[in-house]
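# Architecture at a glance
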Amino acid sequence: MRFLIPLISSSITSGHYRIISRLLSAHLTKPQRSTLPPFFNCQPPSMAASEESLRKALAEKQSAVEAHGNAVRALKAAKASKPEIDAAIEALNSLKLEKSSIEKQLQAAVSGSDGDGALSREAFRQAAVNTLERRLFYIPSFKIYRGVAGLYDYGPPGCAVKSNVLAFWRQHFVLEENMLEVDCPCVTPEVVLKASGHVDKFTDLMVKDEKTGTCYRADHLLKDFCNEMLQKDLTISAEKAAELKHVLATLDDLSAEALGAKIKEYGITASDTKNPLSDPYPFNLMFQTSIGPSGLSPGYMRPETAQGIFVNFKDLYYYNGNKLPFAAAQIGQAFRNEISPRQGLLRVREFTLAEIEHFVDPEDKSHPKYSEVVDLEFLMFPREEQMCGQSAKKIRLGDAVSKGTVNNETLGYFIGRVYLFLTRLGIDKDRLRFRQHLANEMAHYAADCWDAEIECSYGWIECVGIADRSAYDLRAHSDKSGVPLVAAEKFSEPREVEKLVIAPVKKELGLAFKGSQKNVVEALEAMNEKEALEMKAALESKGEVEFYVCSLGKNVPIKKNMVSISKEKKKEHQRVFTPSVIEPSFGIGRIIYCLFEHSFYTRPSKAGDEQLNVFRFPPLVAPIKCTVFPLVQNQQYEDVAKVISKSLTTAGISHKIDITGTSIGKRYARTDELGVPFAITVDSTKDVTIRERDSKLQVRVSVEEAALVVKSVTDGLRTWEDVWEKYPHHTSGSADD
C-alpha cells in the first residue's frame, strides 16, 4: 500500500502530505499474531492455500481502498487542486476494480465453480431436477395431496435406472464374490433392535424453535451456517475461514453440548422465523409400530437391513459348510424418520439399501483376491489430513493398506471393489473420494471405517459406508438371545492355549453405574489384550483406574472388584470365536441421484436458439438402451421397425419405437433427454442408421445386424469406437436433422 503516497504527493502541500501519511500509517502496521489452535499449523494443500491467499489479498485490498478513500476525503477537506483530487479518485477506482477481481476469484474458489459462483451450482441442480421430474424419473409422493417431505416415487425411467443399478450390484458383488443373498422382513421386533443398540442410540440431535415448536436437525443448521459464511461472505478472514472449515470437518464428532455451544456462539436461529432455538437433544429416528392386534409386541420399521443377516448367521454359516470367510448380502427397504428431510433423494424417510456382511476370522483378515485391486489409485481422505485441514489426495490402495492407513486387506479389498462399482456405473472418478472416519466418529467397537463420498451440487455426499465392525453385532445378539453366534476352527491335534479372560462383575458395575452399566460392560469386553493387561496391572497396584467409555464420551472409575482379568492355559481341540464383520453398505437412492447429476449436461440445438438436455448414462444403466425411428411415416419403414423391435426384444434390449410425425431432430432430442444411448433410424428396407447419443456420430448397418450391434455394445462386448471403425459412416446430413 506504500505506492499510494508517491502516487498523490507530487503536487501536494507538506500539510496535506502529513495528513494523508497519518491516515495511511494505521494500515501499514504489522499484522497481529494468529490465534488459531495448534492443528491449523499443518501445511494446507495448494487449493486451500489459494483460497487462503485470496482471502488475505482481499483483506489487504479492502484496507487499501478504505485508506485511499480517507485520503481522497482529506484532499477534498484540505481544498486541494482539482488535478490532485482527480488523480487520487482515479487511483481509488483502480483499487476498487482490483478488489472486485479478487472477489470474483475468491467466489470461484470457495464455490468450486468456473467463476459463476454458488449460483451456478444451484442453476445446474435446478435444470437437472426439473428435467428429472418432467421426464418422470422421480416425483414427490402423494403429489396431488401436496406431498410428504422425504418421500418420493420413481417413475418409469427412474425404475429402469434403479433396476439396472441393482442388477449390476448383484452381478458385481453377489455373483462375482459368491455371496449368499437373503431377504428379511421390514418389520422388526423391538428385542432385535434393542440388542443391536438402535433403540437406545439410533438418534440425531434436534433443536426446536422456542416459540413455534418447529423442529430442526442441529448439525444441519450449523453446517448450513458455515457453508453460507464461506461461500457468500467474502470479507471473513483466512483464520475465520479455517475455523469454519474445521467445524465442517469435525461436525460428526461434536457432542450435544459442543453443538449447542457452537450454535449459540454463531448466533444461529430458526431458519424460518429467526426465533431462538432450544438446546440440542437426541431424537430416535426409527418408525415405531406394534406386531399383532394386541399392541403388546412392540416393533419398528427396520432402519437398516443388516440385522436380518446377523440374526441368521448360524443358519448361513451351516449353509456355507461351516466355513469362513463368507459374505451375505441383502437388498431392501429401510426407514428413518428424518427430522428435516431435504435435498431430494439424498435424505428421505424410506429408501433402498444394499448391504453386505462379510464374516471373517478376526485373526486373519487377508483376502485371496486382494491382488486384483492393490494397484488401484484414487482419491483418499485419511483422518490425519482431515484434522490438518487438507484435502483428499490420490493414493495407491496397496500403499494405504501396507502403511496401516486402511486397517486390513479385506477392508481394502472392498474399498477397491466399491470404487470399481461406482466408476463403472458412471460416477466421475475425479468427484469420488474415500473419507476415513475420525477417531471419535467411529463406534468404540469398530476397527476402521471409510465412506465413499460423491461430490454433487450439494457438496460431498456419503453414499457407501465400508466398515470393519469387529465382532460387536454377533456378540450383541448372542448375549441377548442366548444363542451362540460363533464359528470354529478345528485343530488337527489338541493345542495348549493361553486365553485372556475379561469378566466384568455386572452386579458391582450395576451398583456403581446404574443405567450406564451396559455401556461400561461392552467397553470392558471390547478391550484388546494390551489394554486389558495394562488395566490389570494398574488395578493390582492402585486398586482403581480411570477408564474411557467411548459410548458415554467420558472416563469412569473402575475398581478392582468390578472386573476380573486373567490368562488361563488349557488344551483345546478347536478354536471357537466370534467372527469379525466387514460391512459395505450402499445407499442406492443417493448413488442414483449423484449418477443423475454426473450424467446431466446441456448442448445447443442445431439452430443454436436453445439448450438441449442430455443424460450421458452408460448403456449399463440407461433406462432405455435403444430407440427405433422410421425416418418418415411410411408403411414399409414401419414394418422394418417392427422387425428390428422384435429382434431387440429377443436379444433382451429395452427399447422404444417412435412413429410420430415430428422431425427426426426432435425425436433424437426427446430420447437424449431420457439418456437413451443409441437410436436406430429406418430410412430404407435393407440398411439402417445407428446414432450414438453423445458424439451424434452415425454408422450404416444391415437390418439383420442392427439388434446384434446394439446388444454387443450394451453388453460391453465392444465399444462404440469398435463399431465406428467396422461399419460405414453415415454422412448425409447432420445427426440432428
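Throughout, residues of each chain are indexed from 1 in the direction in which the sequence is written. Reporting of local features is limited, given that this is a predicted model, to residues whose pLDDT is at least 70; pairs of side-chain atoms are given and counted only at 80 or more, and all residues count toward the totals for whole chains, interfaces and linings. Here the side-chain values reflect all heavy atoms present in the structure, with hydrogen atoms and water set aside.

Naming follows an unreviewed UniProt entry, where the chain appears as glycine--tRNA ligase of Gossypium raimondii. UniProt's Subcellular location (unreviewed entry) comment on the chain is quoted here verbatim: "Cytoplasm". UniProt positions are given in the numbering used here, feature names are shortened, and annotations may be inferred rather than shown by experiment.

The next point concerns the overall build of the chain. Looking only at helices and strands, one finds 25 helices and 28 strands in the chain. Referenced to the eigenvectors of the C-alpha coordinate spread, the extents of the chain come out at roughly 105 × 90 × 55 Å. When burial is assessed residue by residue, the chain has 48% of its 737 residues classed as buried. Total accessible area on the chain is roughly 36300 Å²; 52% of this is exposed by carbon and sulfur atoms. Counting rule for charge: Lys and Arg are taken as positive, Asp and Glu as negative, and neither His nor the chain ends is counted. By convention, charge coordinates are those of NZ in Lys, CZ in Arg, CG in Asp, or CD in Glu. One way to put it: in the chain the 95 positive side-chain charges average out to a point 3 Å from where the 98 negative ones average out. A run of H or I in DSSP becomes a helix once it reaches four residues, and a run of E becomes a strand once it reaches two; helices and strands are each numbered from the N terminus. Buried residues are those whose accessible area, probed at 1.4 Å on protein chains only, stays under 20% of the maximum for their type, while exposed residues exceed 50% and partly exposed ones sit between those limits. Methods summary: accessible areas were calculated by the Shrake-Rupley approach with a probe of 1.4 Å, and residue burial reflects only the protein chains presented.

Strand pairing is assigned whenever DSSP detects at least two bridges linking the two strands. With respect to topology, nine strands assemble into an open sheet ordered 3-10-11-21-16-15-14-12-13, the strand pairing being mixed. Only two strands of the sheet have a single neighbouring strand rather than two, namely strand 3 (180-181) and strand 13 (393-396). In this sheet, strand 11 (residues 350-360) lies alongside strand 10 (residues 326-335) in antiparallel orientation, the contact comprising ten bridges. In the strand pairing of strand 11, Ile331 is matched with Ala354. Only heavy atoms matter for contacts: two residues are in contact if any of them lie within 4.5 Å across the pair. Here an angle of 0 to 180 degrees is reported between the N-to-C directions of two axes, which are lines fitted to C-alpha atoms, with helices fitted over the stretch in contact. Where helix 16 (residues 409-425) meets the sheet, it contacts strand 11, strand 12 (377-381), strand 14 (432-436), strand 15 (448-456), strand 16 (459-468) and strand 21 (580-587), and its direction lies at approximately 145° from that of strand 16.

The next thing to look at is the nonpolar core. Counting residues in each nonpolar core, the largest one holds 70 residues, and the members touching the most others are Trp169, Phe421, Leu422, Phe434, Phe586 and Phe596. Looking at this core element by element, the count peaks at ten residues for helix 16. Leave out the neighbours within four places in its chain, and Trp169 touches Val174, Ala329, Gln330, Ile331, Ala354, Glu355, Ile356, Phe421 and Phe586. Nonpolar core, defined: a set of buried Ala, Val, Leu, Ile, Met, Phe, Trp, Tyr and Cys residues in which side-chain atoms within 4.5 Å join the residues together. Formed by 25 residues, the second largest nonpolar core is a distinct cluster that contains Val640, Phe678, Ile680 and Val723.

Turning to the domain arrangement of the chain, a few remarks are in order. Each domain of the chain was delimited in the assignment, giving domain 1 (42-111), domain 2 (494-575) and domain 3 (624-730). One C-alpha centre belongs to domain 1, the other to domain 3, and the line joining them spans 59 Å. Each domain's extent is set by a domain assignment, obtained either automatically or from a database.

Bringing the confidence of the model for the chain into the picture now. pLDDT is a residue-level measure of predictor confidence that goes from 0 to 100. Looking at the chain, the pLDDT average stands at 87 and 90% of residues meet or exceed 70. Counting interchain partners and residues more than four positions distant, the pLDDT-below-50 stretch residues 1-49 has 56 contacts.

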